[in-house]
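Residues per chain are reported as follows:
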Amino acid sequence: MSSKKKKLLKPGQSPASEPGFLRRLAALIYDLFLLIALLFLATALLLPFTTGEAVSAQQLLIYRIYLLVISFFFYGWFWTHGGQTLGLRAWKIKVLTLDQKTINWYQALLRFTTAIVSWGFFGLGFLWILLDKDQRSWYDHLSKTALFFDPQKK
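These figures come from a predicted structure and were not determined experimentally.

Enquirer: Where do I start with the packing of aromatic side chains in this structure?
Expert: A ring pair, where both rings are aromatic, is described by two values, the distance of the centres and the angle of the planes. A full pass over the atoms with the stated rule returns 11 aromatic pairs. For the ring pair Trp119 and Phe126, a centre distance of 5.3 Å and an interplane angle of 25 degrees mean the geometry is stacked. For Trp119, a relative accessible area of 37% translates into the label partly exposed. An aromatic cluster of three or more residues is present, and its members are Phe72, Phe73, Phe74, Tyr75, Trp77, Phe78, Trp79, Trp105 and Phe112. One cation-aromatic arrangement involves Arg111 over Trp79; the distance from NZ or CZ to the ring centre is 5.1 Å.

Enquirer: Sorry, what's going on with the side chain of Ser143 here?
Expert: Assignment of secondary structure puts Ser143 in helix 7 (residues 138-143). From its side chain, Ser143 meets the backbone oxygen of Tyr139 in a polar contact 2.6 Å long. Not counting residues up to four positions away in its chain, the partners in contact with Ser143 are Gln107, Leu110 and Arg111.

Enquirer: Even after reading the chapter, I still don't get the environment of Thr113, so can you show me in this structure?
Expert: Tracing the backbone through its elements, the reader meets Thr113 in helix 5 (residues 105-120). Classification of Thr113 as partly exposed rests on a relative accessible area of 38%.

Enquirer: What exactly am I supposed to notice about the packing of helix 2 (residues 21-46) against helix 3 (residues 60-80) here?
Expert: Two quantities define a packed helix pair, namely the angle between the axes and the distance from one axis to the other. Two elements in contact, helix 2 and helix 3, have axes separated by 10 Å at closest approach and are oriented at 135 degrees. Between helix 2 and helix 3, the angle is such that the two are oblique. The two elements helix 2 and helix 3 cross, and the hand of that crossing is right-handed. Contacts between helix 2 and helix 3 pair Asp31, Leu32, Leu34, Leu35, Leu38, Leu39, Ala42, Thr43 and Leu46 from the former with Tyr63, Tyr66, Leu67, Ile70, Ser71, Phe74 and Tyr75 from the latter.

Enquirer: How should the layout of surface pockets be read in this particular structure?
Expert: Where empty space is left in the structure can be found by rolling a water-sized probe over the atoms. In this structure, the largest pocket spans a volume of roughly 510 Å³. Along the wall of the largest pocket there are 26 residues; nearest its centre are Leu28, Tyr75, Ala115, Trp119 and Tyr139. Put simply, the parts of the chain that give the lining of the largest pocket at least two residues each are helix 2, helix 3, helix 5 and helix 7. Per-element tally for the lining of the largest pocket: the top contributor is helix 2, with eight residues. When its residues are assigned to classes, the lining of the largest pocket shows 19 nonpolar, three polar and four charged.

Quick notes on the rules
- Residues numbered from 1 in each chain as written.
- Predicted model: local features only at pLDDT ≥ 70, side-chain atom pairs only at ≥ 80, totals over all residues.
- Heavy atoms only, no water.
- Phe/Tyr/Trp six-rings, centres within 6.5 Å; stacked < 30°, edge-to-face > 60°.
- Buried < 20%, exposed > 50% of the residue type's maximum accessible area, 1.4 Å probe, protein only.
- Lys NZ or Arg CZ within 6 Å of the ring centre and 35° of its normal.
- Helix = DSSP H or I, 4+ residues; strand = E, 2+ residues; numbered from the N terminus.
- Polar contact = N/O pair within 3.5 Å; in protein donor to acceptor, adjacent residues only side chain to side chain.
- Contact = heavy atoms within 4.5 Å.
- Axes fitted to C-alpha atoms, helices over the stretch in contact; angles between N-to-C directions.
- Parallel < 35°, antiparallel > 145°, perpendicular 65-115°, else oblique.
- Left-handed = near helix turned anticlockwise from the far one by under 90°.
- 1 Å grid on protein atoms, 1.4 Å probe; cavity = no way out; pocket = protein on both sides within 12 Å on 5 of 7 lines; lining within 4 Å.
- Points joined across faces, edges and corners; volume = space filled by probe spheres on them.
- Nonpolar A, V, L, I, M, F, W, Y, C, P; charged D, E, K, R; others polar.

Here is the structure:
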């Protein structure tokens, strides 16, 4: 654990209180289910404009960008408003800056886009937390953020 991160720990916390791999994975899966439900709803909202049919080949790129923007705002809004998606809240984890402040929209965008790239490489960016001494993923490093255990939740 780096000396900078050690200073951020509150009294009584130990380095073991950082969210572990399985806790992070569980929060990620929880959020994925919520995101899929949201994307279904976002698609349903488009149906009146496509006469109830699937998107055409000409509309496919726009549709994918639409879903990507919805996904970004889902994560970005939660991260910039308290640092917790519903999955992170359920597993008592917060996404914060390295000095434990709420992240800004630029950091959320960096985190989101880097996460997409890292998952595109077979999840290597996420698996990186198993090798990193500070247990940070690629998107944590690039966005200068980290996941912290939130002991205030019971």
